[in-house]
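Here is how the chains run, residue by residue.
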Amino acid sequence: MTQYIYAFDEGQKSMKDLLGGKGANLAEMKRIGLPVPDGFTITTEACIEYLQHGSKLSAELLSELDNQLSAFSKRTYKSFSADSDLLLVSVRSGAKISMPGMMDTILNLGLNDENVLTLARKTDDARFAYDCYRRLLQMFGEVVYDIPMASFDTYFEQYKAQHGYQNDADIPAEGLQEICDYYKDVYLDEANKPFPQEPTQQLTEAIEAVFKSWDNHRARVYRNLNDIPHDIGTAVNIQEMVFGNSGARSGTGVAFTRNPVTGEAKLFGEYLLNAQGEDVVAGIRTPLDINVLKEQMPEVHQQFVEVSQKLETHYKDMQDIEFTIENEQLYILQTRNGKRTANAAIHIAVDLVNEGVISKETAVQNVDVKSIDQLLHPNFDEVALAEATVISKSGLPASPGASSGKIVFSAEEAKIQAEIGEKVILMRPETSPEDIEGMVASEAIVTTHGGMTSHAAVVARGMGKCCVTGCAELEINIKDKVVSYPGGKLFEGDVVSVDGAKGDLYLGKVATMKAERSEAFNQFMQWSEEVARLNVRMNAETPQDIEVGYQFGATGIGLVRTEHMFFGPERLVEMRRFILADSQVSRISALNKIRDYQCEDFEHILKLSGDRPTIIRLLDPPLHEFLPHSQEEKVNVANQLDVTVPVLEQYIGQLEEVNPMLGHRGCRLAITYPELYVMQVEAIIGSAIKLKQQGVDTKPEIMIPLVSTVAEFEILKQQIIECIDRLQNEADVSIPYLIGTMIETPRACLIADQLAKTCDFFSFGTNDLTQLTYGFSRDDAGKFINQYTEQGILEIDPFQTIDIDGVGALIKLAVQQAKEVNPQLKIGVCGELGGDSKSIAYFNQLSIDYVSCSPFRVPGALLSTAQSEVEGGRINV
Ligand code: PEP
Ligand code: MG
């Protein structure tokens, strides 16, 4: 038979799934001898069954409850009936994962018109008894009968004002009794039924209400925001009441074992004397600093300090503790790992290792990967943000950061404004490679189309620049230079603030807080690196980004997207000359110019990398991306290239494709224009030779994109080797190089064993692989993915987190097959999933050697791989 209720004596901290966090920890605290009021926990299973099956407490549960109450009465020598020692209880929710304040609590349950008299008599304090009763009436009314809080509060405040009472504690017993009578009338008026006088009826109705509160709106929203499943239910904790409101020698408070904002190793907390439950957080009275307790009740303070140290050592993490003092007796009502800022999380983890409380493996588990971003990018000040006017919250958090600036609608305008010192936000329906310089000049980029792997998202992340994509609520009209949003219109020059970590936009300038990277951060990252199995490389091509990535602990470069180097104005002209050339001679002449530029680029990149592996991908995008779009641009380009606009348009027409993503791109470009890749290889190896001659060793790894047949790879590999042999012979220098491929088509996954025989390395391009596996355009999926996830068609956006069943299965198959035929083959992941923590946990289970992501995601990726190593059990904690 299923056991639905566990006495605190029967549980322990490992039983969170069944008893919820609060219940498991109450049991654990009792087990280690801390002063915890007695009680029992109704399991999460009981809640799930209640919510699934007709919302009625089952006969089995009710009969177990009956037995538990009898046992409880025996243990405590108390009962709900008035003539013995009076039992009053609290009823509190408690899910496996803490959801602070999201569900409901009822205190003082068991009081009724008769019991309140007994309580008054026994305590010789009628004021206290009626204070408890009015609190019960209010909480029960709100939680169980949905009576609005204001129906009670308004009267309470009016009563105080009418009688000239400053504080709640000034109201005498008779006043509180009057208030209780009024509250009971509120039940009749608003719920059409009286307050239940029978304590067991109060209890069963309260249990039902807590079960139901699992599904209330705010709890659902909280779970969505925090990735908490909706089907795990809440436990209900029923616990003997202790009274912080029973006079001046009583009180209640909340304390953290360390400072949750800075991480400082010092007790941090507040309490109120003669108060109960929510009084501390409600803010009506100003609580006292926990240090004041040392003067008011030195022994209790000392006992609390000892308890808090014991709890922290026992749980091996900073604790958030709720306590109550009843007539100078200390009781602990809750402990849990305390919520903290990212900065505090790092400091606490590092201090606990240095104090010998935890190992560095535990330390890496104690820090949330998401919080790492907070330390790398500035954030908006929480107070300023709460007051700011929202423009939209519908965007995708494409690249974190917090930026404010004037709206501009074109890359050109962004550059012009930035040159005169203005901070600008570039707003476009979407961006294209041509916008790159405008993106560099902007503080943030906002687009209405595109998802997390759209051009804007990928490029912005690479630059560590704040970016929001897929902001579907906005309509950006670049022609008339106006943005329409649900609350109005914005024009060029209007100031907005962009929260790239959340995908939100605000009106005006919102104050920010600087990112901080402390000594502790560096130490913490070093431990993550030591624990991690997967290496983390970076996707980067500019010297600034590469330097940042290496500072953050990247072990090499996993992807240089060479096309990003073709968009400087002077390079674009030559690229266009190449594309529009009508003979091989003129094509090669244009390429020679481009090669000179590329040599300069690769020399910088390879020099910065030194002997760390550096994967340079040969040209990938369709050529038409380099051509002009607007009429104005066409006129300019026609002038530059010395052709007429109609001739130019004719060329553009010839290059136009119905499905460019599936068209003439990747290695297909080099099959038709071999000189393109040869030029790039000359530049890569030429630079490596030059550096070698200067005494700098480098490790270039040449990567061919979008391969789907072995022949494609082998033809191009042959041309590349011939070129390298020629260069090495001419210079009489030998460079250690590798030639590998991206695996980004499903077919490449299926023939991975054949490719592995001829490739030196694989790198999974999960952006294209996801696009081609689902048949979802990576640039257009934003239009429907949200609905897919909302309707449960997809659990997650597969461009953000690996689809284990589909894309993941293809990768797993390819890795297994490839390593079987070529165990030396180096395998990495360089798509956006390479920086996502859940995806990294999956890759860590496969024989993959490294992940690669934009520089600002490197620390998070390192921490993710360290965490999955510890969780996967390969490392002993
Ligand atoms: C990919 O497809 O995952 C990849 C890294 O290449 P790109 O995003 O440049 O197409
Ligand atoms: Mg790709």
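Source: prediction; values computed, not measured.

**Concerning the sheet that holds strand β19 (residues 482–485)**
Argument step 1. Strand order in this open sheet of three strands is β18-β19-β20, and the pairing throughout is antiparallel. Because the sheet does not close on itself, it has two edges, and the strands there are β18 (475–477) and β20 (488–491). In this sheet, neighbouring strand axes are inclined to one another by 20° on average, regardless of whether the strands run parallel or antiparallel.
Argument step 2. The sheet contact formed by β18 and β19 spans three bridges and is antiparallel. Looking across to β19, one finds that E475 is bridged to S484.

**Describing the sheet that holds strand β28 (residues 738–743)**
Argument step 1. The parallel closed barrel is built from eight strands, whose spatial order is β24-β25-β26-β27-β28-β29-β30-β31. Averaged over all neighbouring strand pairs, the angle between strand axes comes to 25°, with direction disregarded.
Argument step 2. Sheet analysis places strand β26 (residues 613–617) next to strand β27 (residues 699–704), joined by five bridges and oriented parallel. Bridging from a neighbouring strand, P613 pairs with K699 of β27.
Argument step 3. Seen against the sheet, helix α27 (residues 674–693) touches β26 and β27 and runs at an angle of roughly 170° to β27.

**What about the UniProt feature "domain: Pyruvate phosphate dikinase AMP/ATP-binding" (unreviewed entry) in the chain?**
Argument step 1. In the UniProt entry, the feature "domain: Pyruvate phosphate dikinase AMP/ATP-binding" (unreviewed entry) is given for residues 59–298 and 303–346.
Argument step 2. Along residues 303–346, the helical share is 41% and the strand share 39%, with 28 Å between the first and last C-alpha atoms.

**Overview of the coordination of the magnesium ion (ligand 2)**
Argument step 1. The protein atoms that coordinate the magnesium ion (ligand 2) are E744 (OE) and D768 (OD), at distances spanning 2.0 to 2.3 Å. With E744 in the loop between β28 and α29 (746–750) and D768 in helix α31 (residues 766–774), this residue pair connects regions lying 24 residues apart in the sequence. We note that E744, like D768, is buried.

**So, the packing of helix α13 (residues 342–354) against helix α20 (residues 519–531)**
Argument step 1. Between α13 and α20, the least distance of the axes is 9 Å, while the angle of their chain directions is 70°. If you check the angle between α13 and α20, you find them roughly perpendicular. In this structure, the crossing between α13 and α20 has a hand that is left-handed. Across the interface between the two elements, I346, H347, A349, V350, V353 and N354 of α13 pack against A520, F521, Q523, F524 and W527 of α20.

**What to know about the state of the cysteines**
Argument step 1. Evaluation of the coordinates by the stated rule reveals zero disulfides.
Argument step 2. Cysteine C467 is unpaired, with the sulfur of C466 as its nearest cysteine sulfur at 7.4 Å.
Argument step 3. Assessed through its relative accessible area of 0%, C467 is described here as buried.

**Topic: the site of ligand 1**
Argument step 1. Contacts to ligand 1 come from 14 residues, most closely from R561, R617, G765, N767 and R778.
Argument step 2. Between E744 and ligand 1, the recorded distance is 3.0 Å, taken from a side-chain N or O atom to an oxygen atom.
Argument step 3. If ligand 1 stood free it would expose 290 Å²; the protein chains cover 96% of that surface.
Argument step 4. Listed by contribution, the elements that provide at least two residues to the shell around ligand 1 are β25 (557–561) and α31.

**Notes on the nonpolar core**
Argument step 1. In terms of nonpolar packing, the biggest core is built from 143 residues, with I704, L755, F762, F764, I811 and F843 touching the most fellow members.
Argument step 2. Residue contributions to this core peak at 10 residues, all from α27.
Argument step 3. Filtering out sequence-adjacent residues up to four positions away, I811 remains in contact with F764, T766, L769, I802, F843, L846 and I848.
Argument step 4. Of all hydrophobic cores here, the second largest spans 68 residues; its members include F128, Y130, Y159 and W214.

**A look at helix α22 (residues 569–580)**
Argument step 1. Helix length check: α22, at 12 residues, gives a terminal C-alpha distance of 16 Å against a target of 16 Å (1.5 Å per residue), a fit within 8%.
Argument step 2. Counting buried residues in α22 gives nine out of 12 residues, a clear majority hidden from the surface.
Argument step 3. Listing the buried residues of α22 in full gives R571, L572, V573, E574, M575, R576, F578, I579 and L580.
Argument step 4. Where the residues of α22 are buried, they touch α23 (584–609), α24 (631–641), α25 (645–655) and α27.

**A look at the pairing of strand β16 (residues 444–447)**
Argument step 1. Of the two faces of β16, both are covered, the one formed by A444 and V446 as well as the one formed by I445 and T447.
Argument step 2. Summarising the sheet, β16 and strand β17 (residues 466–469) pair through three bridges and their orientation is parallel. Counted as the bridge partner of I445 is C467 from β17.

**Notes on unusual backbone geometry**
Argument step 1. For D642, which is not glycine, the phi torsion reads 65° and is therefore positive.
Argument step 2. With respect to the helices and strands, D642 occurs in the loop between α24 and α25.
Argument step 3. By relative accessible area, which is 71% here, D642 ends up exposed.
Argument step 4. Non-glycine residue L706 carries a positive phi angle of around 60°.
Argument step 5. Since its relative accessible area comes to 2%, L706 is described here as buried.

**Comments concerning the environment of D289**
Argument step 1. Structurally, D289 can be placed in strand β8 (residues 288–289).
Argument step 2. Along the sequence, D289 and G253 sit 36 residues apart, while their C-alpha atoms lie 9.7 Å from each other.
Argument step 3. Leave out the neighbours within four places in its chain, and D289 touches G269 and Y271.
Argument step 4. A distance of 2.8 Å separates the side chain of D289 from the backbone nitrogen of N291, its partner in a polar contact.

**What to know about the packing of helix α3 (residues 59–76) against helix α8 (residues 199–213)**
Argument step 1. Viewed as axis vectors pointing N to C, α3 and α8 meet at an angle of 125°, and their least axial separation amounts to 12 Å. One way to sum up the angle between α3 and α8 is to call them oblique. Once α3 is placed against α8, the crossing between them reads as right-handed. Mapping the contact onto sequence places L61, L62, L65 and L69 in α3 and T200, L203, T204, I207 and F211 in α8.
Argument step 2. Of the residues that constitute the contact of α3 with α8, the class distribution is seven nonpolar, two polar and no charged.

**Some words on the pattern of salt bridges**
Argument step 1. Scanning all chains against the criterion turns up 41 salt bridges.
Argument step 2. The salt bridge partner of R92 is E322, with a shortest N-O separation of 3.9 Å. Of this pair, R92 sits in strand β3 (residues 89–95) while E322 sits in strand β9 (residues 319–326), placing them 230 residues apart in sequence.
Argument step 3. Residue classification places R92 among the buried residues on the basis of a relative accessible area of 12%.
Argument step 4. Within this structure, E563, R617, D620, R665, D768 and R778 form a network of salt bridges that share partners.

**Some thoughts on the packing of aromatic side chains**
Argument step 1. Evaluation of the coordinates by the stated rule reveals 23 aromatic pairs.
Argument step 2. With a centroid separation of 4.5 Å and an interplanar angle of 40°, the aromatic rings of F304 and F323 are classed as tilted. Here F323 lies in strand β9 and F304 lies in helix α12 (residues 298–315), a separation of 19 residues in the sequence.
Argument step 3. Under the relative-accessibility criterion, F304 is labelled buried at 1%.
Argument step 4. Accessibility expressed as a relative area gives 1% for F323, which makes it buried.
Argument step 5. Three or more aromatic residues joined by ring pairs make a cluster, and in this case those are Y133, F140, Y145, F152, Y183, Y187 and F195.
Argument step 6. The ring of W214 is capped by R223, whose NZ or CZ atom sits 3.8 Å from the centre of that ring.
Argument step 7. The ring centre of Y850 lies 4.0 Å from the NZ or CZ of R537, which sits over that ring.

What counts and how
Residues numbered from 1 in each chain as written. Chains lettered and ligands numbered in written order. Predicted model: local features only at pLDDT ≥ 70, side-chain atom pairs only at ≥ 80, totals over all residues. Heavy atoms only, no water. Pairing = 2+ DSSP bridges. Helix = DSSP H or I, 4+ residues; strand = E, 2+ residues; numbered from the N terminus. Axes fitted to C-alpha atoms, helices over the stretch in contact; angles between N-to-C directions. Contact = heavy atoms within 4.5 Å. UniProt positions renumbered as here; feature names shortened; annotations may be inferred. Donors = N, O, S within 2.8 Å, 3.2 Å for Na, K, Ca; no water. Buried < 20%, exposed > 50% of the residue type's maximum accessible area, 1.4 Å probe, protein only. Parallel < 35°, antiparallel > 145°, perpendicular 65-115°, else oblique. Left-handed = near helix turned anticlockwise from the far one by under 90°. Disulfide = S-S within 2.5 Å. Near = heavy atom within 4 Å. Polar contact = N/O pair within 3.5 Å; in protein donor to acceptor, adjacent residues only side chain to side chain. Areas by Shrake-Rupley, 256 points an atom, 1.4 Å probe, with all protein chains shown as cover. Core = buried A, V, L, I, M, F, W, Y, C linked by side-chain atoms within 4.5 Å. Expected span 1.5 Å × (residues − 1). Nonpolar A, V, L, I, M, F, W, Y, C, P; charged D, E, K, R; others polar. Salt bridge = Lys/Arg side-chain N within 4 Å of Asp/Glu carboxyl O. Phe/Tyr/Trp six-rings, centres within 6.5 Å; stacked < 30°, edge-to-face > 60°. Lys NZ or Arg CZ within 6 Å of the ring centre and 35° of its normal.

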